[in-house]
Amino acid sequence: QVQLVESGGGLVQAGGSLRLSCAASGRSFSWYTAGWFRQAPEKEREFVAMISRSGGSTDYADSVKGRFTISRDNAKNAVYLRMNSLTPEDTAVYYCAAQRTSGSGLVPRDGFGSWGQGTQVTVSS
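Residues numbered from 1 in each chain as written. Predicted model: local features only at pLDDT ≥ 70, side-chain atom pairs only at ≥ 80, totals over all residues. Heavy atoms only, no water.

Engineer: Just checking my understanding: could you explain the nonpolar core for this structure?
Structural biologist: A general trend in soluble globular proteins is that nonpolar side chains are found buried together. Core analysis: the largest hydrophobic core is formed by 36 residues, its most contacted members being F29, W36, V79, L81, M83 and Y94. Broken down by secondary-structure element, the contributors of at least two residues to this core are β3 (18-25), β4 (32-39), β5 (46-51), β7 (68-73), β8 (78-83), β9 (92-100) and β11 (119-124). (Core = buried A, V, L, I, M, F, W, Y, C linked by side-chain atoms within 4.5 Å. Buried < 20%, exposed > 50% of the residue type's maximum accessible area, 1.4 Å probe, protein only. Helix = DSSP H or I, 4+ residues; strand = E, 2+ residues; numbered from the N terminus.)

Engineer: How do you make sense of the packing of aromatic side chains when you look at a structure like this?
Structural biologist: Ring pairs (aromatic) are described by centroid distance and by the angle formed between their planes. This model, assessed by the stated rule, comprises three aromatic pairs. Judged by centre distance (4.8 Å) and plane angle (65°), the rings of F37 and W115 are edge-to-face. Remark: W115 occurs in strand β10 (residues 114-115) and F37 occurs in strand β4; sequence separation between them is 78 residues. Judged by relative accessible area, which is 6%, F37 ranks as buried. According to the relative accessible area criterion, W115 is partly exposed, its value standing at 27%. Connected via pairs of aromatic rings, a cluster forms that spans F37, F47, F112 and W115. The aromatic ring of Y80 is capped on one face by R19, whose charged end is 4.3 Å from the ring centroid. (Phe/Tyr/Trp six-rings, centres within 6.5 Å; stacked < 30°, edge-to-face > 60°. Lys NZ or Arg CZ within 6 Å of the ring centre and 35° of its normal.)

In structure tokens:
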């Protein structure tokens, strides 16, 4: 099982940017598809983005396409989420997720089994 720790959250004004980081330990991170999810107050957790093991494939929720970019550095056992043009609707706890896979592509959005503790992102208007 891989352990995941998020960092980089905080308070930012609307229109601003943040970069979230997720540090993985316990297993070779290159075996895992990685993703980001978020949960706003009184809402269900929702998918944000995912990236394949090599970084060659990505998937984004429609609500963040063109604003957020997911990337990874397997040498550092890390995955990142660059968030631009933030709006108050992006306010949420952001969770890093990972799923070990033998394939080179992506996994189903509901197919993640390892989760971090989350980092709060608050966007003020």
